[in-house]
Amino acid sequence: MVVVSGSSGRDVAEALAPLLGMQYVELVTRRFPDSEGYVRVPEEAIDVIRSEPVILVSNTYPDSGILQTILLLEAIGDIRKGDLENLKGIEPQSMPDVGPGVYLAIPYYGYSRQDKRFSKGEVISAKVIAELFARSCDGMAILDLHAPAVLEDMDFPVKFVSAMPEVAERLANVVKPDFILSPDKGAISRATEVANLIGCEFSYLEKTRIDAHTIEHTPKDLDVNGKVVAIVDDMISTGGTICRASDALRRQGAKEVHAACTHGLFTGGAISRLANHVDGVHSTDSLPNPRAVVSAAPALARGLKELLE
Ligand code: R5P
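Calculation notes
- Per chain, residues are indexed from 1 in the order of the written sequence.
- Local features in this predicted model are restricted to residues of pLDDT 70 or higher, and side-chain atom pairs are both shown and tallied only at a pLDDT of 80 or more, whereas totals for entire chains, interfaces and linings draw on every residue.
- Just so you know, side-chain values use all the structure's heavy atoms and leave hydrogens and water out.
- A domain assignment, automatic or from a database, supplies the domain bounds used here.
- Contact criterion: two residues are considered in contact whenever any of their non-hydrogen atoms come within 4.5 Å of each other.
- By convention, the term buried area covers the 1.4 Å-probe accessible surface removed from two parts as they join, with the contributions of both added.
- A side-chain nitrogen of Lys or Arg and a carboxyl oxygen of Asp or Glu constitute a salt bridge if their distance falls within 4 Å.
- Whenever two N or O atoms come within 3.5 Å, that pair is a polar contact, provided that in protein one can donate a hydrogen and the other can accept it, and provided that, for residues adjacent in sequence, both atoms are side-chain atoms.
- Numbered from the N terminus, helices here are DSSP runs of H or I no shorter than four residues, and strands are runs of E no shorter than two.
- Throughout, the ten residues Ala, Val, Leu, Ile, Met, Phe, Trp, Tyr, Cys and Pro are labelled nonpolar, Asp, Glu, Lys and Arg are labelled charged, and all others, Gly among them, are labelled polar.
- Only protein chains enter the accessibility calculation, which uses a 1.4 Å probe; a residue is then buried when its area is under 20% of its type maximum, exposed when over 50%, and partly exposed in between.
- To define axes, lines are fitted to C-alpha atoms, for helices over the stretch in contact only, and angles between the resulting N-to-C directions are given on a 0 to 180 degree scale.
- Working definition: roughly parallel below 35 degrees, roughly antiparallel above 145 degrees, roughly perpendicular at 65 to 115 degrees, and oblique for all remaining angles.
- Crossing chirality is assigned from the near helix's rotation relative to the far helix, an anticlockwise turn below a right angle marking it left-handed and a clockwise turn marking it right-handed.
- The rule for pairing is simple: two strands pair if DSSP sees at least two bridges between them.
- The crossover handedness rule: strands pointing away from the viewer, path from first strand over the helix to second strand clockwise, crossover right-handed.

## Some thoughts on the domain arrangement of the chain
Taken domain by domain, the chain consists of domain 1 (2-162 + 297-308) and domain 2 (164-285). Here the C-alpha centroids of domain 1 and domain 2 sit 31 Å apart. Of the residues lining the interface, 14 residues belong to domain 1; the matching set on domain 2 comes to 13 residues. Contact between domain 1 and domain 2 buries roughly 1100 Å² in total, counting both sides, with carbon and sulfur atoms accounting for 47%. Between Arg302 and Glu166 there is a salt bridge; the shortest N-O distance is 2.7 Å. For the pair domain 1 and domain 2, the number of links is eight residue pairs in polar contact (both at pLDDT 80 or more). Looking at the side of domain 1 that touches domain 2, the element that brings in the most residues is helix α10 (residues 297-308), giving three residues. Of the residues assigned to the side of domain 1 that touches domain 2, the class counts are eight nonpolar, three polar and three charged.

Right, dumping it as structure tokens:
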């Protein structure tokens, strides 16, 4: 098998290939001057893409990643179908169809939070995107999808996988926490997994989101006086959730507060906001970010092995 990527998800793809004992091949992705994307399977990759199943690693964030993923899946699909017809007349123009065997590995699945129709007229974006991809691949592995339920009823193989074992290992080695906190109910299962792997205490907060930049936590007594606490979430965007949770922990006497997540989006000054509230931030490299200290590749490798079995 071969692991391929365009510019989106390239670092994860390069790290993933050796873990799976596979070759990494970079596909051509670039931008026209008006910012529209261009993709191409290079001539030298055509044989390997036709002779072996292919894993495309690609993110759906930012929006350009979605389009790049769709275009690359189509380009790989054409190569495997043998549709090589081209205006330059480069031969061969067609070859036999080599059949199914294209898998998509998504380190960060953007639009995952738009997973319900809260008001009429809205669209369930997370589902729309998955349905687009399902047209042109044979299965997907997704790392720490915000709420997997949105894709669970798809008539299509989707493997959900988590980087929490790697996050737990990082926290155990570097932070040595006494206490793990989930900043909301949605992160409870991930944070519990980390607490169990480290063997430390656990609790959670109840969060109400007022708007994209404002959240409130219901006050709760936490037994954190003098303790080192790590807040574990699937993603950090503005950092608002972590900062408010950290404030609650500090008020209750926490000695040190760290934040850990799979997806470090760190939008709109989040890094400096977090620096004023926590002692350390630990993210995977599912997206390139300045706090990427954990590789997303081992978790994706686990998911892909299960998907391919
Ligand atoms: C939401 O439920 C997610 O799990 C995160 O808690 C949230 O997206 C973090 O966003 P922010 O960093 O902007 O508070």
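On we go from here.
## A few points about the environment of Glu131
Topologically, Glu131 is positioned in helix α4 (residues 125-134). By relative accessible area, which is 43% here, Glu131 ends up partly exposed. C-alpha separation for the pair Glu131 and Phe156, spaced 25 residues apart in sequence, amounts to 9.1 Å.

## Quick notes on the packing of helix α1 (residues 10-19) against α10
In the contact formed by α1 and α10, the axes pass within 9 Å of each other and the chain directions differ by 55 degrees. It follows that α1 is oblique to α10 by the angle criterion. Pair α1 / α10 crosses with right-handed handedness. Taking contact as the criterion, the partners of Val12, Ala15, Leu16 and Leu19 in α1 are, on α10, Ala297, Pro298, Leu300, Ala301, Leu304 and Lys305.

## A look at the sheet that holds strand β9 (residues 179-182)
Adjacent strands of a sheet pair through backbone hydrogen bonds, lying either parallel or antiparallel. Reading across from one edge, β10-β9-β13-β14-β15-β16 is the order of the six strands in this open sheet, with parallel pairing throughout. The open sheet has two free edges, formed respectively by β10 (201-204) and β16 (292-294), since each of these has just one partner strand. Averaged over neighbouring strand pairs, the angle between their axes works out to 30 degrees when direction is ignored. Relative to strand β14 (residues 256-264), strand β13 (residues 228-236) runs parallel, the two sharing eight bridges. Among the inter-strand pairings, Val228 is bridged to a residue of β14, identified as Glu256. On top of the sheet, helix α7 (residues 188-198) reaches β9, β10 and β13; it is set at about 170 degrees to β9, its chief contact. Strands in contact with helix α8 (residues 240-251) are β9, β13 and β14; relative to β13, the strand with the most contacts, it is inclined by about 165 degrees.

## Looking at the pairing of strand β1 (residues 2-5)
The side-chain alternation of β1 yields two buried faces, one formed by Val2 and Val4 and the other by Val3 and Ser5. Of the strand pairs in this sheet, β1 and strand β2 (residues 23-26) are connected by four bridges, and their pairing is parallel. Its bridge partner being in β2, Ser5 is matched across the sheet by Glu26. Where the polypeptide runs from β1 across α1 and back to β2, its parallel neighbour, the crossover connection is right-handed.

## So, unusual backbone geometry
Here Tyr61 and Pro62 are connected by a cis peptide whose omega angle stands at -10 degrees. Tracing the backbone through its elements, the reader meets Pro62 in the loop between β5 (54-57) and α3 (63-81). Each neighbour pair has its own omega, and for Glu91 with Pro92 the value is -5 degrees, a cis peptide bond. Mapped onto the elements of the fold, Pro92 is located in the loop between α3 and β6 (102-106). Located in the positive-phi region is Ser35, a residue other than glycine, with phi close to 85 degrees. Within the secondary structure, Ser35 sits in the loop between β3 (28-31) and β4 (37-40).

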